[in-house]
Amino acid sequence: MGHTSLDKIKALQKNPANVRNLCILAHVDHGEKDYLINLIDSPGHVDFSSEVSTAVRLCDGAIVIVDAVEGVCPQTQAVLRQAWLENIRPVLVINKIDRLIMELKLTSQEAYTHLQKILEQVNAVTGSLFTSKVLEDRAVKEERAEEDKEEGDIKPAECPGSEQVYDWSAGLEDSDDSQLYFSPDQGNVVFASAIDGWGFSIQQFAQIHSQRMGIRAEVLLKTLWGDFYLNAKAKKIMKGAHAKGKKPLFVQLVLDNIWSLYDAVVTRRDKEKIEKMMMSLGVKVMTRDSRHSDPKVLLSAICSQWLPVSQAVLFMVCDKLPSPLDMTSERIERLMSVGARRFHSLPLQTQELKTAFMQCSSDDTAPVIVFVSKMFMVDAKALPQNKQSEGVSGQMQGLPLKAKPEEEEEKETFVAFARVYSGVVRRGQKVFVMGPKYDPAQGLRMVRIVSACLPPVPHLACCTMDSLYLLMGRELEELEEVPSGNVLGIGGLEECVLKSATLSTSPALPPFIPLNFEATPIVRVAIEPKHPSEMPKLVRGMRLLNQADPCAEVLIQETGEHVLVTAGEVHLQRCLDDLRERFAKIEISASKPIIPFRETVIRPPKVDMVNEDLGKQQKVAVIHQVKESDTLHLDPSGLVTLTTPNRQATVGVRAIPLPEEVTLLLEGSADLIRTLEQAGQAQREGRTLDMSTWTLDALMVLKSRLEVLLQGRKWRNAVDRIWAFGPRRYGPNILLNSVEGYQRPSVWHCLEREKGEKEGGAKAEASAIRDFDNSVVSGFQLATLSGPMCEEPLMGVCFSVERWDMNFPTQRTHLDSVTEKDSNSLDASVSESPGEAVGQQGASGKAGGAGETPSQAEGAMAGASHGRLVDCYGPFSGQLIAAVKEACRHAFQAKPQRLMAAMYTCEIMATAEVLGRVYGVLGKREGRVLQEEMKEGTEMFIIKAVLPVAESFGFADEIRKRTSGLASPQLVFSHWEVISSDPSWVPTTEEEYLHFGEKADSANQALKYMNGVRRRKGLYVEEKIVEHGEKQRTLSKNK
């Protein structure tokens, strides 16, 4: 495949039907057509799955490569899920088939069975994704049908008589999954050995054997893969190879030929047989290759001519993967529906842009739509415009020139990696940059054209595309314009784009949905320069790293530390190396990894540390950790009552552990809860947030699942009484409103539109306390953000506010009462002492109840409103926030406390000889084996285990050293797990004293973690430096 001229590539770019966006750009001559392939490579390690996300967004198809020995790994599942979420079509390459021959020594029949199982595993992943989507769609349809039924819109034909027929089908029978699965007979699977240079699809062998056997290629194509065999006598292809013990066609016509070639060339080195094979295949090799001492050189020379892997893969890509013109409407609507906004609720001009996506037009009238998926750094010397000037500067070498400053010489620049979805991008063109919170409806009202002087539209900026580049691997070629459907590099956007962005000439375009990252950034390190004077260089370097890496996060903590957050140990090492060598170019020192923990409470344990039945003394010991004072009271049931210093408010809070299923549900629904909070915020500000049907349905499902999970007497009506979620208003903790008589609006108000009008009276009734409602929520947010054990966020805790009394001083509101008396004599008689009325309402919760007249309730509210003018958002608000926070912390300490550790799932492939060593390393690092199974047809064992993130550093290196490289782990963040040991445990029962001794100085894992975090944060750590100070003894006696 020769080098393609730039002019030829520019011409191909203008025909999007023959463009394949799948990073090395290659020109492929495919029969009568010319195709342009934009091939974007992505790393295979789990830590770098964010790079896969950035590539997938720009593509229309994907090549998924699976190892023939290892099969489907965690990363394979992650890649398939990412391709599914972005609505792109994948094709499959099963690579390293040579390992089945040379390493595992499988026969061709065994290899066929093994390949079938790999295909089944891959199809099981895609099938589960498809099934979940169909079931979700069915659930949405059922809910709509229920709504129609309630409204009485059902036709008589749909429900004849009184019989009710339930449709038990899941909707899978009617769904089209013909293009979903990987199957060699569909042409979307290639079998390959890239190291030996060969690869094939069964279409190639169908063409070869149809001429030799006289059987039509279409028939062979359908029967080459499957349970078919060749009846030599009848010269027919028949079904039932497995039942009759016959060789399947795939083994007989395909694999046997490859196995015999390996046997002749590599194993036996039979020259005569090799020459016969080369003659029959019509292959000629150079004398140098045939005489080479390494037989793999000859094998590669033969295979690369007989079955070239590049040809097989590229033919599959051109035939099976879609062009930019084939983009589905479902994918377009999903890209444009950010967060709570649904596509049909977007402005009409925005919806019209869908046509521009579908047409992929390169007309001058078409709006320019570009998505930048990542920013990558390029040396300024490598840019084409700087290379051209080298020839001129070379002629002037004899002239004395001023030495350039070091900063100028080493200057690097960012290039945006992007794709054009519509229109033609030209150099020097001005475009809008849509921020993630940009609202097109607001933008359309304020902006019409792209200009340098924009009105101040929120989350909208204007920038110029200074230069356009064609990405030729590492080389860049400068372009004047790029038509729709192509991948390109854009220069001059570093000031406007941080990591990814949506660009357009139309202000009607909403920002695309955020990229979906599989890897969670969880590993943190604090970084500082070795020489303090180089701090500005470090700050600049970390800013550049943050822009260049899609998954890395850079934070500055309250302590002033510069913290780098990465996805794992390998990702961390890569980021540190980039900082030293590319971005900061200084010597840096990194702290030990900062491991995140969570704090939680559990139910009182029923057994002690030696599994003996526990009496009440453990509860008493725990409860007495809270020291009572004149403003703090703790009752035996665990209710903490705290009064503010000015004695104007008293709150009573109880901490309750949430069921584990509820915690997991809240953690997995963080985006939904954030949307719910945004809807609540909009309603409080008098705005309306139009949410998509999918979001509303998902919120309904979330609410119903919470109602199912929160069962029992103590959780009665708990879901409707949820006050807030925390921390940051969307975390896995709940604030519950258990104040008697306080009827505040529910957090689910966006789902209860009809109910909202009916609850108008209840809202007015509670308005007296409603003013400081936000102070209670703020106190809860602060308490859940940093717990009392080691200032780490809380998880799985419900704080129930059971008492809230407010007593405003009567003197401050007396003048306002007089004013009220002049204006309304009826209310004046009740409003003379409004403070008492509000206090009674808070204490008993019965303001406006059966014992009061309407005028008395109005008077209570009027007095409260006048007191509000004096004290609202003043010192009292701050005292209430602090009181709620302290009450929550003390309520937390009144329950058995535990730490929660972040856990990795670890998948290790190892042989039987090193299995014991693997178990030894896992046990030493607090790991727990979940499953161990032998991979069929191999001597490999697959071990699945969980491992604390805190113990994972150096784990991969240690396991490789202990097993001499025969085992390699893959670590993926999985979940949070409660550490069973109590960090504040001391022996209390007789059995514990006998087992652990009086000092109980055996290792406490939770205490070790807790003290490590407290020491790092500068908090007090209770530890004895010298436990037993004794006089030094000498060998010689004192005389």
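Residues numbered from 1 in each chain as written. Predicted model: local features only at pLDDT ≥ 70, side-chain atom pairs only at ≥ 80, totals over all residues. Heavy atoms only, no water.

Remarks on helix α33 (residues 875-893)
And step 1. A rise of 1.5 Å per residue sets the reference length of α33, with its 19 residues, at 27 Å; its end C-alpha atoms lie 27 Å apart and thus fit the reference within 8%.
And step 2. Restricting attention to buried positions, one finds in α33 the residues Phe876, Ser877, Leu880, Ala883, Val884, Ala887, Cys888, Arg889, His890, Ala891 and Phe892. (Helix = DSSP H or I, 4+ residues; strand = E, 2+ residues; numbered from the N terminus. Expected span 1.5 Å × (residues − 1). Buried < 20%, exposed > 50% of the residue type's maximum accessible area, 1.4 Å probe, protein only.)

Quick notes on the sheet that holds strand β26 (residues 640-643)
And step 1. Within the open sheet, the six strands sit side by side as β25-β26-β27-β30-β29-β28. Their pairing is mixed. Sheet topology places β25 (632-634) and β28 (722-726) at the edges, where each strand pairs with a single neighbour. Each strand axis lies, on average, 20° off the axis of its neighbour in the sheet, ignoring direction.
And step 2. Strands in contact with α33 are β25, β26, β27 (649-657) and β30 (797-806); relative to β27, the strand with the most contacts, it is inclined by about 35°. (Pairing = 2+ DSSP bridges. Axes fitted to C-alpha atoms, helices over the stretch in contact; angles between N-to-C directions. Contact = heavy atoms within 4.5 Å.)

Regarding the packing of helix α2 (residues 49-58) against helix α3 (residues 74-85)
And step 1. Contact pair α2 / α3: the axes reach a minimum separation of 10 Å and the direction vectors enclose 25°. In terms of axis orientation, α2 runs roughly parallel to α3. Both α2 and α3 take part in a crossing whose hand is right-handed. Counting all contacts with α2, which are made through Ser49, Val52, Ser53 and Val56, the residues of α3 involved are Gln75, Val79, Gln82 and Ala83.
And step 2. For the contact of α2 with α3, the per-class residue count stands at four nonpolar, four polar and no charged. (Parallel < 35°, antiparallel > 145°, perpendicular 65-115°, else oblique. Left-handed = near helix turned anticlockwise from the far one by under 90°. Nonpolar A, V, L, I, M, F, W, Y, C, P; charged D, E, K, R; others polar.)

Let's talk about the pattern of salt bridges
And step 1. Under the defined criterion, the tally for this structure stands at 32 salt bridges.
And step 2. One salt bridge connects Glu802 with Arg654, and the closest N-O pair in it is separated by 2.8 Å. With Glu802 in strand β30 and Arg654 in strand β27, the pair connects residues that are 148 residues apart, well separated along the chain.
And step 3. The class for Glu802 is partly exposed, based on a relative accessible area of 29%. (Salt bridge = Lys/Arg side-chain N within 4 Å of Asp/Glu carboxyl O.)

A look at helix α35 (residues 955-962)
And step 1. Every buried residue of α35 is listed here: Phe955, Ala956, Glu958 and Ile959. End-on view of α35: buried residues confined to an arc of 165°, all on one side of the axis.
And step 2. One or two steps after α35, the chain reaches Ser964, where phi turns positive at roughly 55°. (Arc of directions from axis to C-beta.)

Let's talk about the environment of Ser591
And step 1. The residue Ser591 is located in the loop between β23 (588-590) and β24 (597-601) in this model.
And step 2. Each residue touching Ser591, except ones within four places of it in the same chain, is listed here: Val525 and Ala526.

With respect to the nonpolar core
And step 1. One finds Ile490, Leu493, Leu564, Phe799 and Trp804 to be the most contacted residues of the largest nonpolar core, which totals 116 residues.
And step 2. The contact partners of Ile490, leaving out residues within four places of it in the chain, are Val370, Phe414, Val415, Ala416, Ala418, Met465, Ser467, Leu468 and Leu503.
And step 3. Ranked by size, the runner-up nonpolar core spans 56 residues in total, among them Ile118, Val254, Leu261 and Ala264. (Core = buried A, V, L, I, M, F, W, Y, C linked by side-chain atoms within 4.5 Å.)

Notes on the pairing of strand β6 (residues 189-193)
And step 1. With five of its five residues buried, β6 lies for the most part within the structure.
And step 2. On β6, burial covers both faces: Val189, Phe191 and Ser193 on one face and Val190 and Ala192 on the other are all buried.
And step 3. As judged from the three bridges shared by strand β5 (residues 89-95) and β6, these two strands associate in the parallel manner. Among the inter-strand pairings, Ile94 is bridged to a residue of β6, identified as Phe191.
And step 4. Note that β6 and strand β7 (residues 198-200) share three bridges and pair antiparallel. Within β7, the residue paired with Phe191 across the bridge is Phe200.
And step 5. The turn linking β6 back onto β7 is made up of four residues, and Gly197 within it adopts a positive phi angle of 80°.

Looking at the packing of aromatic side chains
And step 1. On inspection of all chains with the given rule, the structure shows 21 aromatic pairs.
And step 2. Ring geometry for Phe725 versus Trp748: centroids 6.4 Å apart, planes at 80°, classification edge-to-face. Placement of the pair is Phe725 in strand β28 and Trp748 in the loop between β29 (733-737) and α25 (753-758), with a sequence separation of 23 residues.
And step 3. What makes Trp748 buried here is its relative accessible area of 0%.
And step 4. Feature note: the residues Tyr112, Phe191, Trp198, Phe200, Phe205, Trp225, Phe250 and Trp306 constitute an aromatic cluster, connected by ring pairs.
And step 5. The cationic tip of Arg57 hangs over the ring face of Phe371; the distance from NZ or CZ to the ring centre is 5.0 Å.
And step 6. Its end group placed over the ring of Tyr730, Arg674 keeps NZ or CZ at 4.1 Å from the ring centre. (Phe/Tyr/Trp six-rings, centres within 6.5 Å; stacked < 30°, edge-to-face > 60°. Lys NZ or Arg CZ within 6 Å of the ring centre and 35° of its normal.)

As for the sheet that holds strand β14 (residues 460-464)
And step 1. Overall, antiparallel pairing links the eight strands, which are arranged β14-β13-β19-β10-β11-β18-β15-β16 in an open sheet. Strands at the two margins of the open sheet, each flanked by one partner only, are β14 and β16 (475-479). Within the sheet, the average angular offset between the axes of one strand and its neighbour, ignoring direction, is 40°.
And step 2. With four bridges joining them, strand β10 (residues 369-379) and strand β19 (residues 501-504) adopt antiparallel strand pairing. Its bridge partner being in β19, Val370 is matched across the sheet by Leu503.

Structural notes on the side chain of Ser50
And step 1. On the secondary structure map, Ser50 appears in helix α2.
And step 2. Using a relative accessible area of 2% as the deciding quantity, one classes Ser50 as buried.
And step 3. Filtering out sequence-adjacent residues up to four positions away, Ser50 remains in contact with Phe517, Pro550 and Cys551.

Examining the pairing of strand β31 (residues 897-911)
And step 1. When you tally the buried positions in β31, you get 14 out of 15 residues, the bulk of the element.
And step 2. In terms of strand pairing, β24 meets β31 through five bridges, oriented antiparallel. Within β31, the position partnered with Val601 by the bridge is Gln897.
And step 3. As paired strands, β31 and strand β33 (residues 940-948) are joined by nine bridges and run antiparallel to one another. Paired with Thr911 across the bridge in β33 is Met940.

Digging into the confidence of the model for the chain
And step 1. Looking at the chain as a whole, the pLDDT averages 77, with 76% of positions reaching at least 70.
And step 2. Low confidence marks residues 754-769, where pLDDT is under 50. Its contacts with residues over four positions away, or in another chain, come to 17 contacts. (pLDDT = per-residue confidence, 0-100.)

A few points about the state of the cysteines
And step 1. Applying the stated rule across the entire model yields zero disulfides.
And step 2. Of all cysteine sulfurs in the structure, the one in Cys496 sits closest to Cys463, which takes part in no disulfide; the separation is 4.1 Å.
And step 3. Accessibility expressed as a relative area gives 5% for Cys463, which makes it buried.
And step 4. With no disulfide of its own, Cys575 lies 8.4 Å from the sulfur of Cys551, the closest cysteine sulfur. (Disulfide = S-S within 2.5 Å.)

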